[in-house]
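The lines below spell out each chain.
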Amino acid sequence: MEKQGNPMLKHSMNYGLIMGVALVILSLITYLAGILKPPFWVSILNYAIIVGIIVWGTKKYRDEVLEGAITYGNALGFGVLITLFAGVIVAVFTYIQITLIDPDFVSKMLAIAEEELVKRGMPDEQIDMAVEMQKKFMTPLIMTISSLFGMVLWGFIFSLITSIFLKKEKSPFTGGSEVIE
């Protein structure tokens, strides 16, 4: 007999790959367009991709693998796993972007942050302190780890919400083939 493996892991990896590639493509488009500080709509598009793929992937997993039934906890876990795998892809891309594609990326981001502080009318001493503090947290390793952590955190938050709507339990009064919502 052939060993199947964990279908949840396999499917979450597949949807995580799709999500990760979609987010990297969006990031590349904004980078190639010369947009270092993306506008609000880019963030909305990022979140829409994350939510959309969590919903799509969880629904397909529920209906095709679990025969139409999934608990809230399994839907939550599946959504978080999707974003974990996508987060690894995004984190690797972040590291490559910062170290290989554009080694000046961090200094460009610091310059943008400094401009923002000047626009707010902060004194020069405070601006210098703030930029120095940001410099400490804008190393390739810290930015890579924070992108992974941020991705999983957003995945958890979005999965908490989407799982409410995606959960379906089998009816305890039938032979297990009927699904209740």
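Position numbers for residues start from 1 in each chain and track the written sequence from start to end. With pLDDT at 70 or above as the cut-off, local features in this predicted model cover only qualifying residues; side-chain atom pairs require 80 or more to be listed or tallied, and sums for whole chains, interfaces and linings still use all residues. Water and hydrogen atoms were dropped before computing side-chain values, which therefore reflect all heavy atoms in the structure.

## Some remarks on a negative patch on the surface
- A cluster of acidic residues, Glu114, Glu115, Asp124, Glu125 and Asp128, forms a negative patch at the surface.
- Note on conventions: DSSP H or I runs of at least 4 residues are helices, E runs of at least 2 residues are strands, and numbering of each starts at the N terminus. Elements that contribute at least two residues to the negative patch include exactly helix 4 (105-119) and helix 5 (124-137).
- Ranked by residue count, the leading element in the negative patch is helix 5, at 3 residues.
- By the secondary structure assignment, Asp128 is in helix 5. By definition, no residue in a patch forms a salt bridge, and every one has over 30% relative accessible area; like charges are joined within 9 Å, nonpolar side chains (Val, Leu, Ile, Met, Phe, Trp, Tyr) within 5 Å. For accessible areas, the Shrake-Rupley method is used with a probe of radius 1.4 Å. Any residue's cover is judged against the shown protein chains and nothing else. A pairing counts as a salt bridge when a side-chain nitrogen of Lys or Arg comes within 4 Å of a carboxyl oxygen of Asp or Glu. His is not counted, nor are the chain ends, whereas Lys and Arg count as positive and Asp and Glu as negative. Taken as the charge centre is NZ of Lys, CZ of Arg, CG of Asp or CD of Glu, depending on the residue.

## Looking at the nonpolar core
- Put simply, a nonpolar core is a bunch of buried Ala, Val, Leu, Ile, Met, Phe, Trp, Tyr and Cys residues held in one set by side-chain atoms that sit within 4.5 Å of each other. Think of it in three bands: with a 1.4 Å probe and only protein chains considered, a residue is buried below 20% of the maximum accessible area for its type, exposed above 50%, and partly exposed in between. Within the largest apolar cluster, 21 residues are counted, with the highest numbers of intra-cluster contacts made by Met19, Leu23 and Ile50.
- Taken together, the elements giving at least two residues each to this core come down to helix 1 (7-32), helix 2 (40-65), helix 3 (72-101) and helix 6 (140-166).
- Apart from the residues lying within four places of it in its own chain, the contact partners of Ile50 are Met19, Leu23, Thr83, Met151 and Phe158.
- Within the second largest apolar cluster, 9 residues are counted, among which are Leu110, Leu117, Val131 and Met138. Pairs of residues are marked as contacts when any of their non-hydrogen atoms sit within 4.5 Å.

## Let's talk about the side chain of His11
- Following the sequence through the fold, His11 ends up in helix 1.
- Once residues lying within four places of it in the same chain are set aside, the contact partners of His11 are Tyr61, Val65 and Phe78.

## Re the packing of helix 3 against helix 6
- Where helix 3 contacts helix 6, the two axes come as close as 7 Å, and the packing angle between them is 155 degrees. Between helix 3 and helix 6, the angle falls in the class roughly antiparallel. The handedness of the crossing between helix 3 and helix 6 comes out as right-handed.
- Looking at the contact of helix 3 with helix 6 residue by residue, the class counts come to 19 nonpolar, 10 polar and no charged. Lines fitted to C-alpha atoms define the axes, with helix axes restricted to the stretch in contact, and inter-axis angles between N-to-C directions lie between 0 and 180 degrees. Each angle receives one of four descriptions, namely roughly parallel if under 35 degrees, roughly antiparallel if over 145, roughly perpendicular if within 65 to 115, and oblique otherwise. When the near helix sits turned anticlockwise from the far one by under a right angle, the crossing is termed left-handed; a clockwise turn instead gives a right-handed crossing. Each residue gets one label: Ala, Val, Leu, Ile, Met, Phe, Trp, Tyr, Cys and Pro are nonpolar, Asp, Glu, Lys and Arg are charged, and the others, such as Gly, are polar.

## Notes on the environment of Gly79
- Inspection of the secondary structure assignment puts Gly79 in helix 3.
- The contact partners of Gly79, leaving out residues within four places of it in the chain, are Ile54, Thr58 and Ser159.

## So, the packing of aromatic side chains
- The rule is short: rings of Phe, Tyr and Trp, with Trp giving its six-membered ring, pair when the centres are within 6.5 Å, and they are stacked under 30 degrees, edge-to-face over 60, tilted in between. Within this structure, the stated rule accounts for 5 aromatic pairs.
- Residues Tyr15 and Trp56 carry aromatic rings whose centres are separated by 4.9 Å and whose planes lie at 85 degrees to one another, so their mutual orientation is edge-to-face. Here Tyr15, found in helix 1, pairs with Trp56, found in helix 2; they are 41 residues apart in sequence, far enough to count as distant.
- Taking relative accessible area as the criterion, Tyr15 reaches 9% and is therefore assigned buried.
- The exposure class of Trp56 is partly exposed, given its relative accessible area of 40%.
- Their ring planes at 40 degrees and their centres at 4.8 Å tell us that Tyr47 and Trp154 sit as a pair that is tilted. Linking Tyr47 in helix 2 with Trp154 in helix 6, this pair joins segments that are 107 residues apart in sequence.
- Residue classification places Tyr47 among the partly exposed residues on the basis of a relative accessible area of 30%.
- One aromatic cluster is present, formed by Tyr47, Trp154 and Phe158 through successive ring pairs.

## A short note on helix 1
- Over its 26 residues, helix 1 extends 37 Å from the first C-alpha to the last, a length consistent with the 38 Å expected when each residue adds 1.5 Å.
- Those residues of helix 1 not exposed but buried are Met8, His11, Ser12, Tyr15, Gly16, Met19, Gly20, Leu23, Val24, Leu26 and Thr30.
- On its buried side, helix 1 packs onto helix 2, helix 3 and helix 6.
- Immediately downstream of helix 1, the backbone of Gly34 shows phi near 80 degrees, a positive value. Helices are assigned an expected span. That span is 1.5 Å times one less than the residue count.

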